[in-house]
Amino acid sequence: MLEKIKSTLSKEQKELYMREALKEAKKAKDKAEIPIGAIVVLDGEIIGRGYNLREESQDATSHAEMTAIKNACKKKDSWRLENAQLFVTLEPCAMCSGAMILARVDEVYYGAGDPKGGTAGTFMNLLQDERFNHVAYVENGILEDECREILQNFFRKLRMNKKS
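Note that residues are indexed from 1 along each chain, following the sequence as it is written. At least 70 in pLDDT is required for a residue's local features to be given in this predicted model, at least 80 for side-chain atom pairs to be given and counted, and no such filter applies to totals for whole chains, interfaces and linings, which use all residues. Side-chain measures were taken over the full set of non-hydrogen atoms in the model, leaving aside hydrogen atoms and water.

A. Region of interest: the state of the cysteines. Only a pair of cysteine sulfur atoms within 2.5 Å counts as a disulfide in this structure description. Taken as a whole and judged by the stated rule, the model has 0 disulfides. Residue C73 stays outside any disulfide, its sulfur separated by 13 Å from that of C96, the closest cysteine. Exposure classes here rest on a 1.4 Å probe applied to the protein chains alone. A residue is buried below 20% of its type maximum, exposed above 50%, and partly exposed in between. For C73, a relative accessible area of 16% corresponds to the buried category. With no disulfide of its own, C147 lies closest to C96 among cysteine sulfurs, the gap being 15 Å. Taking relative accessible area as the criterion, C147 reaches 0% and is therefore assigned buried.

Now the structure itself:
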């Protein structure tokens, strides 16, 4: 089953869309949130955007991916996001991967891996576990350096501020 799943996008398209996710991450950074951004693309159109808002909302589910998925479902007027691609700057957690599976997102692209909690291939791989009724194509490392750098700079600054 997994061998049939392939990317439908060129390298240029992947980088273009990840730059849009990075724009969302910068919005989170400007609000002193962990800078993670996500977008959902369907038929070449961005139909959902999101960035982390956990601190502002005091809601543990306010992850970038969750917001992007909610916005895309609302725009599409359907909970199904078949044929959609999701781009996120950091590897999705279990909650977000679960939402992608339930929404039937076909392709997931992420920038930086998350060895402590990533569930798209690093810590575990929920998105391609064939025991679920849906599996997604997963590709990592899209603009990885830029995605990692925005996170590293955020946490470096946070640590420096705590020392002051």
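After that view of the structure, there is still more to cover.
B. Focus on the packing of helix α3 (residues 64–76) against helix α4 (residues 94–103). The axes are straight lines fitted to the C-alpha atoms, using for helices just the contacting stretch, and the angles between their N-to-C directions are given from 0 to 180°. Numbering of helices and strands runs from the N terminus; a helix is a DSSP stretch of H or I covering at least four residues, while a strand is a stretch of E covering at least two. It is at 9 Å that the axes of α3 and α4 come closest, and there the two elements cross at 20°. Put simply, α3 runs roughly parallel to α4. Remark: the crossing between α3 and α4 carries left-handed chirality. Mapping the contact onto sequence places E65, M66 and I69 in α3 and M95, C96, A99, M100 and A103 in α4. The labels follow the angle: roughly parallel below 35 degrees, roughly antiparallel above 145, roughly perpendicular from 65 to 115, and oblique for the rest. Note: crossing handedness is left-handed where the near helix turns anticlockwise from the far helix by less than a right angle, and right-handed where it turns clockwise. Here, two residues are considered to be in contact whenever any of their heavy atoms come within 4.5 Å of each other.

C. The side chain of S62, seen in detail. Relative to the elements of secondary structure, S62 occurs in the loop between α2 (54–57) and α3. Non-local contacts of S62, meaning those with residues more than four positions away in its chain, are made with Y51, N52, L53, R54 and S57.

D. Just the pairing of strand β2 (residues 45–51), in detail. Strand direction decides the pairing type here: strand β1 (residues 37–42) and β2, joined by 6 bridges, are antiparallel. The residue of β2 that forms the bridge with L42 is E45. Paired strands, in this sense, are two strands between which DSSP finds at least two bridges. The turn joining β1 and β2, which pair antiparallel and follow one another in sequence, is formed by 2 residues; a positive phi near 55° is taken by D43.

E. Highlighting the pattern of salt bridges. A pair is scored as a salt bridge if a Lys or Arg side-chain nitrogen falls within 4 Å of a carboxyl oxygen belonging to Asp or Glu. The tally for this structure, following the rule as stated, stands at 13 salt bridges. Linking E15 and K11 is a salt bridge whose minimum nitrogen-to-oxygen distance equals 3.1 Å. Pair noted here: E15 and K11 are both in helix α1 (residues 11–30), with a separation of 4 residues, about one helical turn. Here E15 falls in the partly exposed class, since its relative accessible area comes to 24%. Close ionic contact of R19 with E146 constitutes a salt bridge, the shortest N to O distance being 3.0 Å. Of this pair, R19 sits in helix α1 while E146 sits in helix α5 (residues 144–163), and the two are 127 residues apart along the sequence. Looking at E146, the relative accessible area reads 34%, which means it is partly exposed. Each of the salt bridges in this network shares a partner with another, and the network as a whole consists of E20, K23, E24, K27 and R49.

F. Structural view of the layout of surface pockets. The volume enclosed by the largest pocket comes to roughly 490 Å³. Ranked by the residues each element gives to the lining of the largest pocket, the list is headed by α5, at 5 residues. Of the residues assigned to the lining of the largest pocket, the class counts are 9 nonpolar, 5 polar and 7 charged. What the second largest pocket holds in volume is close to 250 Å³. Surrounding the second largest pocket, K29, A32, E33, I34, N52, R54, E55, N153, F154, K157, L158 and N161 form its lining. Of all the secondary structure elements, the ones that give two or more residues to the lining of the second largest pocket are α2 and α5. Per-element tally for the lining of the second largest pocket: the top contributor is α5, with 5 residues. When residues are sorted by character, Ala, Val, Leu, Ile, Met, Phe, Trp, Tyr, Cys and Pro go into the nonpolar class, Asp, Glu, Lys and Arg into the charged class, and all the rest, Gly among them, into the polar class. Of the residues contributing to the lining of the second largest pocket, the split by class is 4 nonpolar, 3 polar and 5 charged. Space inside and on the surface of the protein is sampled on a 1 Å grid over the protein atoms alone, with a cavity defined as a set of points where a 1.4 Å probe fits but cannot get out and a pocket as an open set with protein on both sides within 12 Å along at least 5 of 7 lines; lining residues have an atom within 4 Å of a point. Grid points are joined across faces, edges and corners, and a volume is the space filled by probe spheres set on the points.

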